[in-house]
Amino acid sequence: MLEETLILFRNIRNPDYDKSLKGYKKAGGLKALKQALEMQPDEIVQLTKDSGLRGRGGAGFPTGLKWSFMAKDTGKPTYLVCNADESEPGTCKDRELMLHDPHQFLEGMMISCLAIGCRHGYIYVRGEYWPSIKSLNAALQELYDDGILGKKLLGKGPKLDLTVHPGAGAYICGEETALLDSIEGKRGHPRVKPPFPAVSGFNACPTTVNNVETLTCLPFIVNEGAEAFKAFGPENNAGPHLISLSGHVNKPGVYEVRLDANLKDIIYDFGGGIPNGKQLKGVIPGGASSSVLTADEIDVTYSFDALAQAGTMMGSAAIMVFDEDTDVVKLLHRIVRFFSHESCGQCTPCREGTHWARMIIRDFLNGNGNEHKLKRLHRVGGNMMGTTVCALGDACGMPIQSFTTKFADEFRDVQALAA
Amino acid sequence: MLALDTQKEIAQLLSRYPIKRNALLPILHVVQKGNEGYLTPELLEEVAGICEVSQTHVEGVISFYTMYKLEKPGKFHLQVCTCVPCCLVGGEELLEHVEQQLDTHAGHTADDGVFSVEEVECLGACSYAPAVIINEDYHEQMNPEKLDRLMDELRTQGQAHA
Ligand SMILES: Cc1cc2nc3c(=O)[nH]c(=O)nc-3n(C[C@H](O)[C@H](O)[C@H](O)COP(=O)(O)O)c2cc1C
Ligand code: SF4
Ligand code: FES
């Protein structure tokens with residue numbers, strides 16, 4: 001029986017936990033920040049590199065390495081912007097951290113600001129998350145009142161301010177450069193790279209964008225060391241991580257697991273299996289943009305590398321489960337409708353491709369599909385991959401290509417049924 | 001003219017950013033909240049002045065994001081999620097139910113002005129689906145009966161205040 005790992009959720013799973021600053025300190029909080037204040041920024045970066053921490057926002061990029069790319073001595077301020085946009089369908093892990101243990105996340109953010117020399121960090125929270133915004137603002141107020149944030153970090157360090165910035169409803173603002181445009185006060189359009197944010201980010205200053213969960217790993221890494229963090233997963237897949245489990249499972253929820261848990265065990269042990277004694281049909285393993293897995297492909301280690309080997313990805317670790325009665329054509333239509341709604345419209349393959357794909361799937365739903373259209377749908381999916389400014393094109397292409405390959409017969413069945 | 005409270009909040013927001021334009025999104029939220037949940041051309045002009053951008057810029061921003069409204073919403077604004085995980089566990093049926101109950105369609109305000117409904121993409125509460133936001137609060141693992149009860153309570157409240 002798979003058991004939950006309790007690192008990031010250590011406090012959250014304690015029913016007596018008091019999430020105020022007082023409660024957080026009592027639970028051992030802020031020790032890591034004090035220690036980080038005694039370290040050189042480069043030492044924190046090196047420690048993070050050694051820990052093997054990879055970004056939890058979707059791309060799995062090594063965090064320490066990302067920090068080391070920050071342009072130095074530019075004479076401009078340096079920024080850390082936390083990505084709390086959490087809008088990849090299926091994902092709802094960051095909000096647990098912000099709602100129920102905001103100080104652990106904020107401690108991680110403060111440590112990360114020290115690492116990259118940031119004096120004013122921003123937390124970009126999706127606009128719908130008012131409860132999280134309130135929780136963070138209350139926690140920040142406590143940190144200011146206690147003299148931890150402000151002119152001198154912890155009363156003796158450098159100046160540090162943190163500000164919560166609400167978004168206003170746009171999935172694309174989760175993409176880090178669109179997020180930067182958005183926080184600058186513009187429409188959220190992904191930028192052409194290079195230059196990367198580490199050279200020219202927020203207001204054209206060197207900037208790092210990191211996910212909430214990524215930053216929340218820092219207190220543990222500073223307290224317990226790089227090796228301790230690495231121990232929670234196979235080589236190159238360090239640390240515990242949070243998964244958001246949803247769809248047709250008996251116990252949907254957010255769980256913390258080691259990076260060597262098996263996907264099947266996650267679904268059956270944590271999720272308690274499929275409701276009403278139904279059979280599993282498939283799993284979308286890493287957010288709406290990941291390639292689908294069929295029921296007989298789920299015996300796989302839930303890590304960055306093992307999922308990549310299985311032809312899909314961990315993405316934001318959102319696992320969506322669907323049972324035998326699910327109409328996959330309708331499901332794919334729903335996914336593609338999402339991407340077509342959220343395309344920012346800058347690139348033709350994405351703007352037109354998401355729309356056309358949606359129209360073709362609708363043809364199938366209306367009984368107007370055929371073998372030719374199935375092939376075309378597959379091709380349209382392929383054409384938006386690798387041809388666009390940001391990864392939204394790929395994000396829509398992957399489900400299209402995997403559904404039309406793995407569930408091709410169901411597209412044909414819909415057709416036969418309608419005929 | 002913006003209310004004094006709103007002005008104070010705006011000054012506070014401006015102090016947190018290197019340049020005024022950066023505070024545009026949060027300022028629009030504050031102004032919208034202070035005006036029964038929607039923005040008017042006059043308010044946009046005022047915000048443009050505060051953030052030192054053109055009114056066209058503000059209009060472009062408003063149209064890009066889904067949370068800014070140019071029409072007055074109901075006293076209680078419902079956002080019903082029908083994105084993938086919610087859809088798997090009854091999000092679409094829930095939306096249909098609300099539309100029937102209120103005899104209106106998503107994107108509209110019901111006649112009595114108490115409720116307005118909007119169909120939205122993922123709200124980031126997928127493990128607690130189906131999810132509905134009413135004004136600023138999340139309501140999770142919803143079903144038609146639970147939502148009916150909640151809306152009855154709100155209707156009584158709304159009418160008492162009216
Ligand atoms: C279309 C799109 C949407 C994204 N949405 C999010 C999001 O909601 N939250 C997030 O943390 N990262 C999101 N990302 C990934 C970010 O661009 C970025 O890689 C990440 O925030 C970096 O943080 P990390 O290194 O800590 O993972 C998205 C990427 C793309 C292409
Ligand atoms: S891929 Fe789509 S969302 Fe990304 S920049 Fe191009 S049009 Fe915009
Ligand atoms: S799909 Fe409805 S909250 Fe995510």
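All values derive from a computational prediction rather than experimental measurement.

A. Focus on the domain arrangement of chain B. Taken as a whole, chain B is organised into domain 1 (4-64) and domain 2 (76-160). Just the C-alpha atoms count here: the centres of domain 1 of chain B and domain 2 of chain B sit 28 Å apart.

B. Summary view of the sheet that holds strand β3 (residues 115-120) of chain B. Residue and element names in this part refer to chain B. In space, the five strands of this open sheet follow the order β2-β3-β1-β4-β5, with mixed pairing throughout. If you trace the sheet from one side to the other, it starts and ends with β2 (108-109) and β5 (137-139), each paired once. Relative to β3, β2 runs antiparallel, the two being bridged by two bridges. The partner of His108 across the bridge, within β3, is Val117.

C. Looking closely at the confidence of the model for chain B. Residue and element names in this part refer to chain B. Here chain B averages 93 in pLDDT, and 97% of its residues register 70 or above. Confidence scores differ between elements of chain B, with β2 showing the lowest mean pLDDT of 76 and helix α2 (residues 24-33) the highest of 98. Interface confidence for the predicted complex, expressed as ipTM, amounts to 0.96; the pTM equals 0.96.

D. Region of the structure containing a nonpolar patch on the surface. Together, Phe61, Leu65 and Phe69 of chain A make up an exposed nonpolar region whose accessible area comes to about 260 Å². For Leu65 of chain A, the location among the structural elements is in helix α4 (residues 63-68).

E. Here's a closer look at the interface of chain B and chain A. The partner chain A presents 64 residues to the 41 residues of chain B that form the contact. Around 4,000 Å² of area is buried between chain B and chain A when both sides are counted, 56% of it from carbon and sulfur atoms. Ranking the residues of chain B by area buried against chain A places Arg16, Phe64 and Leu88 of chain B at the top, with a combined share of 17%. Viewed at the interface, chain A and chain B are joined by six salt bridges.

Basis of the calculations
Residues numbered from 1 in each chain as written. Chains lettered and ligands numbered in written order. Predicted model: local features only at pLDDT ≥ 70, side-chain atom pairs only at ≥ 80, totals over all residues. Heavy atoms only, no water. Domains from an automatic or database assignment. Pairing = 2+ DSSP bridges. Helix = DSSP H or I, 4+ residues; strand = E, 2+ residues; numbered from the N terminus. pLDDT = per-residue confidence, 0-100. Patch = residues over 30% accessible without salt bridge, like charges linked within 9 Å, V, L, I, M, F, W, Y side chains within 5 Å. Areas by Shrake-Rupley, 256 points an atom, 1.4 Å probe, with all protein chains shown as cover. Salt bridge = Lys/Arg side-chain N within 4 Å of Asp/Glu carboxyl O. Contact = heavy atoms within 4.5 Å. Buried area = accessible area lost by both parts, 1.4 Å probe.

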